[in-house]
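Tertiary structure, described
The chain contents come next:
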Amino acid sequence: IDSAVLEMIFLASIPSAIGSFFVFKTIKHNQLSESAPIIALLPLVVTVLAFVVLGEKMTAVHLAGLLLIVVGMLVLELKNFKFKGGIFVAGRKKYIVYILLLLLFGGISSLFDRVILFQYGIDPLAYLMIIQVFIALNFLFFFLVRGSSFREFGSTLRQFWKIILFVSALTVAHRYMYASAIAVATSLGMVVAVYRLSSLFHVFAGGKFFAEDAILRKSIASIIILVGTVLLVIK
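**With respect to the packing of helix α1 (residues 3-29) against helix α6 (residues 124-146)**
- In contact at an axis separation of 8 Å, α1 and α6 are set at 55° when each is read in the N-to-C sense. Classified by the angle between their axes, α1 and α6 sit oblique to one another. In the crossing of α1 with α6, the sense of the turn from one axis to the other is right-handed. Taking contact as the criterion, the partners of Leu6, Ile9, Phe10, Ala12, Ser13, Ile14, Ser16, Ala17, Ile18, Ser20 and Phe21 in α1 are, on α6, Tyr127, Ile130, Ile131, Phe134, Ile135, Asn138, Phe139 and Phe142.
- Residue classes in the contact of α1 with α6 are distributed as 15 nonpolar, 4 polar and no charged.

**Remarks on the environment of isoleucine 18**
- Looking at the secondary structure, you find isoleucine 18 in helix α1.
- Judged by relative accessible area, which is 19%, isoleucine 18 ranks as buried.
- As a C-alpha pair, isoleucine 18 and leucine 102 span 84 residues in sequence and 7.5 Å in three-dimensional space.
- Residues contacting isoleucine 18, with those up to four places away along its chain left out, are Phe105 and Phe142.

**Here we look at helix α7 (residues 150-184)**
- End to end, α7 covers just 41 Å across 35 residues, shorter than the expected 51 Å (1.5 Å per residue, more than 12% under).
- Largest kink in α7: about 80°, centred on phenylalanine 160.
- Among the residues of α7, those classed as buried are Gly154, Tyr178, Ala179, Ile182 and Ala183.

**Quick look at the nonpolar core**
- Ranked by internal contacts, the top residues of the largest apolar core, which has 17 residues, are Ile9, Ile116, Leu117, Tyr127 and Ile131.
- Mapped onto this core, the elements with two or more residues apiece are α1, α5 (93-119), α6 and α7.
- Top contributing element to this core by residue count: α6, with 5 residues.
- Residues Phe22, Leu41, Leu42 and Ile69 belong to the second largest nonpolar core, which totals 15 residues.

**Quick notes on helix α3 (residues 42-54)**
- In this model α3 runs 17 Å from its N-terminal to its C-terminal C-alpha over 13 residues, within 8% of the 18 Å that 1.5 Å per residue would give.
- Among all positions in α3, only Leu42, Pro43, Leu44, Val46, Thr47 and Ala50 are buried.

**A short note on the confidence of the model for the protein**
- Counting all residues, the mean pLDDT for the protein is 76, and 71% of those residues have values of 70 or more.
- The secondary-structure element of the protein with the lowest mean pLDDT is helix α9 (residues 198-210), recorded at 64, while α1 shows the highest, at 88.

**Looking at the packing of aromatic side chains**
- Applying the stated criterion to the full structure yields 5 aromatic pairs.
- Taking the centre distance of 5.4 Å and the plane angle of 70° together, the rings of phenylalanine 21 and phenylalanine 22 count as edge-to-face.
- Residue class for phenylalanine 21 comes out partly exposed when judged on its relative accessible area of 36%.
- What makes phenylalanine 22 buried here is its relative accessible area of 12%.

Criteria and thresholds
- Residues numbered from 1 in each chain as written.
- Predicted model: local features only at pLDDT ≥ 70, side-chain atom pairs only at ≥ 80, totals over all residues.
- Heavy atoms only, no water.
- Axes fitted to C-alpha atoms, helices over the stretch in contact; angles between N-to-C directions.
- Helix = DSSP H or I, 4+ residues; strand = E, 2+ residues; numbered from the N terminus.
- Parallel < 35°, antiparallel > 145°, perpendicular 65-115°, else oblique.
- Left-handed = near helix turned anticlockwise from the far one by under 90°.
- Contact = heavy atoms within 4.5 Å.
- Nonpolar A, V, L, I, M, F, W, Y, C, P; charged D, E, K, R; others polar.
- Buried < 20%, exposed > 50% of the residue type's maximum accessible area, 1.4 Å probe, protein only.
- Expected span 1.5 Å × (residues − 1).
- Bend = angle between axes of the 7 residues up to and from the residue.
- Core = buried A, V, L, I, M, F, W, Y, C linked by side-chain atoms within 4.5 Å.
- pLDDT = per-residue confidence, 0-100.
- Phe/Tyr/Trp six-rings, centres within 6.5 Å; stacked < 30°, edge-to-face > 60°.

This is the structure:
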């Protein structure tokens, strides 16, 4: 891999790291069953960016998918037909900003993935290994800028290293499969849409393991959003 491609991978690691950070912030401060459908809006952002930047087509069917996604969001967030529930509860404006940022940087990250894997023909495993190193360096930089205590970092690692190791193995595995799909797929939006089907599982998990409320409404909203997503990426 020549230096120009390495520079591209490093640039790709920046929005990927920032997007991941805001995903964590969103999940931490919102119910899982509410965060997941919102994060499932990423295919919408990716499809629009792919249309504008990469020239991937958008048809009437895609616009219908966009409309369904908007309807799904209304079902998810409206309370008595007013934006007073979910992320729109008073005092939670910064979490709306987190969500907008994760969607923006997640979309930019997917564009980088598409260009590097599809146009440059980089092996997905090699790409994953290199970008993960760069992402780790980015997070180290964030950590230093924030001024967090390395003692706290070491304490957390010692206390939770088993679960961290387990989650890291799952993370690398799913990102490898995701990168492999992007490398061969004809549509970036389709890959991201299938990838985000997990949001429905997250809604069920939020109700089952965290006793979150309004699971039926959130499930219906998730299904509407996912149907819209499928329409959004149909060729």
